[in-house]
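# Summary of structural features
One-letter residues, chain by chain:
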Amino acid sequence: EKNKKGTVSFASGGKNGRQTQVFVNLGNNGGPPNFLDAQGFVPFARVVQGMDDVVGKLNKEYGILESVSGGVAGSIDQTKAAYYGKDYLDTLYPKLSYIKSARIIETTEE
């Protein structure tokens, strides 16, 4: 599976550096300018319903910043988030959206 719109991928800190954080691809990110496939961001699921209704309503206030290379970078300090966890996120990003549950459904789609 490629990092295309609607796929859910693991965040990565580099080769063999997969994290427990996940994200929903809001667009096709496998190729330019982000090249997430080549960087080891592994899609493991797909939003099959509610992409616009649910994912589109997640708080974008903390958003994504344009990087110098033309790609995008998150505004959350990943090292601090990993070390301090929810306390860090709640303190600095009180309106951050969380996914509280997800479920696996049987689908016949390829």
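Read on for a plain summary of the structure.

Reading guide: rules and limits
- Residues numbered from 1 in each chain as written.
- Predicted model: local features only at pLDDT ≥ 70, side-chain atom pairs only at ≥ 80, totals over all residues.
- Heavy atoms only, no water.
- Helix = DSSP H or I, 4+ residues; strand = E, 2+ residues; numbered from the N terminus.
- Buried < 20%, exposed > 50% of the residue type's maximum accessible area, 1.4 Å probe, protein only.
- 1 Å grid on protein atoms, 1.4 Å probe; cavity = no way out; pocket = protein on both sides within 12 Å on 5 of 7 lines; lining within 4 Å.
- Points joined across faces, edges and corners; volume = space filled by probe spheres on them.
- Nonpolar A, V, L, I, M, F, W, Y, C, P; charged D, E, K, R; others polar.
- Phe/Tyr/Trp six-rings, centres within 6.5 Å; stacked < 30°, edge-to-face > 60°.
- Lys NZ or Arg CZ within 6 Å of the ring centre and 35° of its normal.
- Salt bridge = Lys/Arg side-chain N within 4 Å of Asp/Glu carboxyl O.
- Contact = heavy atoms within 4.5 Å.
- Pairing = 2+ DSSP bridges.

### Here's the deal with the overall build of the chain
Per the secondary structure count, the chain includes two helices and five strands. For the chain, the N- to C-terminal ordering of α and β elements is β-β-β-β-β-α-α. A buried classification covers 22% of the 110 residues belonging to the chain.

### Comments concerning the layout of surface pockets
In this model, the second largest pocket occupies a volume close to 810 Å³. Residue lining of the second largest pocket: 19 residues in total, with Arg46, Val47, Ser101, Ala102 and Arg103 positioned closest to the centre. Looking at the lining of the second largest pocket element by element, the count peaks at three residues for strand S3 (residues 43-46). Broken down by class, the residue content of the lining of the second largest pocket amounts to 13 nonpolar, four polar and two charged.

### Observations concerning the packing of aromatic side chains
Considering all chains together, one arrives at four aromatic pairs under this definition. A centroid spacing of 5.9 Å and a plane angle of 70 degrees characterise the contact between phenylalanine 23 and phenylalanine 41, whose relative ring orientation is edge-to-face. Taken together, the residues span a long stretch of sequence, with phenylalanine 23 in strand S2 (residues 18-24) and phenylalanine 41 in the loop between S2 and S3 at a distance of 18 residues. What makes phenylalanine 23 partly exposed here is its relative accessible area of 24%. The class of phenylalanine 41 is buried, set by a relative accessible area of 15%. The residue whose ring lies beneath lysine 86 is tyrosine 98, and the NZ or CZ to ring-centre distance is 5.3 Å.

### As for the pattern of salt bridges
What the rule picks out here adds up to one salt bridge. The shortest N-O distance in the salt bridge between lysine 86 and aspartate 90 comes to 2.7 Å. Here lysine 86 pairs with aspartate 90, and both are found in helix H2 (residues 86-92), just four residues apart, close to one helical turn.

### As for the side chain of serine 9
With respect to the helices and strands, the residue serine 9 is situated in strand S1 (residues 7-12). Apart from the residues lying within four places of it in its own chain, the contact partners of serine 9 are Asn3, Gln21, Val22, Phe23, Asn25, Val42, Pro43 and Phe44.

### Section: the pairing of S1
Consecutive residues of a regular strand have side chains that alternate between opposite faces of the sheet. Counted residue by residue, S1 has five buried out of six residues, so it is predominantly covered. Where S1 lies against S3, three bridges are found, and the strand directions are antiparallel. If you follow threonine 7 over to S3, its bridge partner there is arginine 46.

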